[in-house]
Amino acid sequence: MGKILEIAELGHPVLRERASEVENLEDEGVQNFIDNLIATGAEANGVGIAAPQVYESKRIFIISSRPNVRYPKAPEMEPTAIINPSILSFSEEKEKDWEGCLSIPGIRGLVPRHRTIKVKYLARDGKEVEREFSDFIARIFQHELDHLNGIVFLDRIDSNKELVTEKEYQKLISRSLDNE
Ligand code: ZN
């Protein structure tokens, strides 16, 4: 199984660079790296993690959505490696929801994202995939793709007033879960 890698935090320049395309997917080192990225995201209770977040400036990220303490309402999705991704089209409609980031511990923000996106990427076996994602998974995809372009969710918020600490966020969501 994969090994746990160290997570880069805001302030490290790797999070502000454009990551480079992956050209050697069949390489054993790249495949091992994907396993390590999956293991690191799972260990940290992330629903997504991008290679720059472990100091590797490569266009790879993982989506592994499942309910956990950080995201109690996340849908189930097997850990999926997304390589050299691009967004082909998106809905004009945007939606704001809470996001956090393993590289920005302790802070959550309300981030506007396109509700539906059509995307293209390579799977870890090298096959080209075209898919449509919506809602929470589309949100993860946009957040992680931003990481490959040196962008973090703080750059996307409308107002600093829509930032909260993890402690206050936990209170907020436990209140909203009580109301359901
Ligand atoms: Zn992030």
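Above: the structure in question.
Being a predicted model, the structure only gives us computed values, none of them experimental.

Conventions we followed
Residues numbered from 1 in each chain as written. Predicted model: local features only at pLDDT ≥ 70, side-chain atom pairs only at ≥ 80, totals over all residues. Heavy atoms only, no water. Helix = DSSP H or I, 4+ residues; strand = E, 2+ residues; numbered from the N terminus. Expected span 1.5 Å × (residues − 1). Contact = heavy atoms within 4.5 Å. Polar contact = N/O pair within 3.5 Å; in protein donor to acceptor, adjacent residues only side chain to side chain. Donors = N, O, S within 2.8 Å, 3.2 Å for Na, K, Ca; no water. Buried < 20%, exposed > 50% of the residue type's maximum accessible area, 1.4 Å probe, protein only. Pairing = 2+ DSSP bridges. Axes fitted to C-alpha atoms, helices over the stretch in contact; angles between N-to-C directions. Phe/Tyr/Trp six-rings, centres within 6.5 Å; stacked < 30°, edge-to-face > 60°. Lys NZ or Arg CZ within 6 Å of the ring centre and 35° of its normal. Salt bridge = Lys/Arg side-chain N within 4 Å of Asp/Glu carboxyl O.

Draft legend 1. Spotlight on helix α1 (residues 28-43). Helix length check: α1, at 16 residues, gives a terminal C-alpha distance of 23 Å against a target of 22 Å (1.5 Å per residue), a fit within 8%. Among the structural elements, β1 (48-50), β2 (60-63) and β3 (80-90) are those in contact with the buried residues of α1. Between the side-chain oxygen at the start of α1 and the backbone nitrogen of Gly29 there is a gap of 2.7 Å, and the oxygen is on Asp27. At the exit of α1 stands Asn45, carrying a positive phi of roughly 60 degrees.

Draft legend 2. Representation of the coordination of the zinc ion within the structure. The zinc ion binds to the protein through Cys101 (SG), His143 (NE2) and His147 (NE2), with metal-donor distances spanning 2.0 to 2.3 Å. Read in sequence order, the donor residues coordinating the zinc ion give the pattern C-x41-H-x3-H. Residue Cys101 is found in the loop between β4 (94-99) and β5 (107-114), and its partner His143 is found in helix α2 (residues 135-148); the two are separated by 42 residues along the sequence. Residue classification places Cys101 among the buried residues on the basis of a relative accessible area of 5%.

Draft legend 3. Broad picture of the sheet that holds strand β7 (residues 128-134). Read from one edge to the other, the open sheet built from five strands follows the order β1-β2-β3-β6-β7, with strand pairing classed as antiparallel. In the strand order of this sheet, the two ends are held by β1 and β7, each with one partner. Between one strand and the next, the sheet's axes are offset by a mean angle of 40 degrees, whatever the strand orientation. Strand direction decides the pairing type here: β2 and β3, joined by four bridges, are antiparallel.

Draft legend 4. Region of interest: the packing of aromatic side chains. The full count for this structure, using the stated rule, is four aromatic pairs. When the ring of Trp98 is compared with that of Tyr169, the centres are 5.9 Å apart and the planes differ by 65 degrees; the resulting orientation is edge-to-face. One end of the pair, Trp98, is in strand β4; the other, Tyr169, is in helix α3 (residues 166-178), with 71 residues separating them in the sequence. Through pairs of rings, three or more aromatic residues link up here, namely Phe61, Tyr121, Phe133 and Phe141. Over the ring of Phe33 we find Lys58, and its NZ or CZ is 5.3 Å from the ring centre.

Draft legend 5. Highlighting unusual backbone geometry. Of note, Asn84 is a non-glycine position whose phi angle comes to about 45 degrees, a positive value. Secondary-structure assignment places Asn84 in strand β3. Even without being glycine, Asp135 reaches a positive phi, approximately 55 degrees. As for its placement among the helices and strands, Asp135 is situated in helix α2.

Draft legend 6. The arrangement of the pairing of strand β6 (residues 116-122) in detail. Bridge count between β3 and β6: five bridges; the pairing is antiparallel. Its bridge partner lying in β6, Ile83 is registered against Leu122. Sheet topology places β6 next to β7; seven bridges connect them, and they run antiparallel. Its bridge partner lying in β7, Thr116 is registered against Ser134. Taken together, β6 and the strand that follows it, β7, pair antiparallel across an intervening segment of five residues, in which Gly126 is found at a positive phi of about 90 degrees.

Draft legend 7. Here's a closer look at the pattern of salt bridges. Tallied over the full model, the rule gives 16 salt bridges. Asp146 is the salt-bridge partner of Arg113, the closest N and O atoms lying 2.9 Å from each other. In this pair, Arg113 sits in strand β5 while Asp146 sits in helix α2, placing the two residues 33 residues apart along the sequence. Linking Asp135 and Arg115 is a salt bridge whose minimum nitrogen-to-oxygen distance equals 2.5 Å. A residue pair is termed long-range when its members are at least 10 positions apart, and Asp135 in helix α2 and Arg115 in the loop between β5 and β6 qualify at 20 residues. Classification of Arg115 by relative accessible area gives partly exposed; the value is 26%. Among the ionic contacts, a cluster of salt bridges with common partners joins Glu99, Arg113, Arg139, Asp146 and Arg156.

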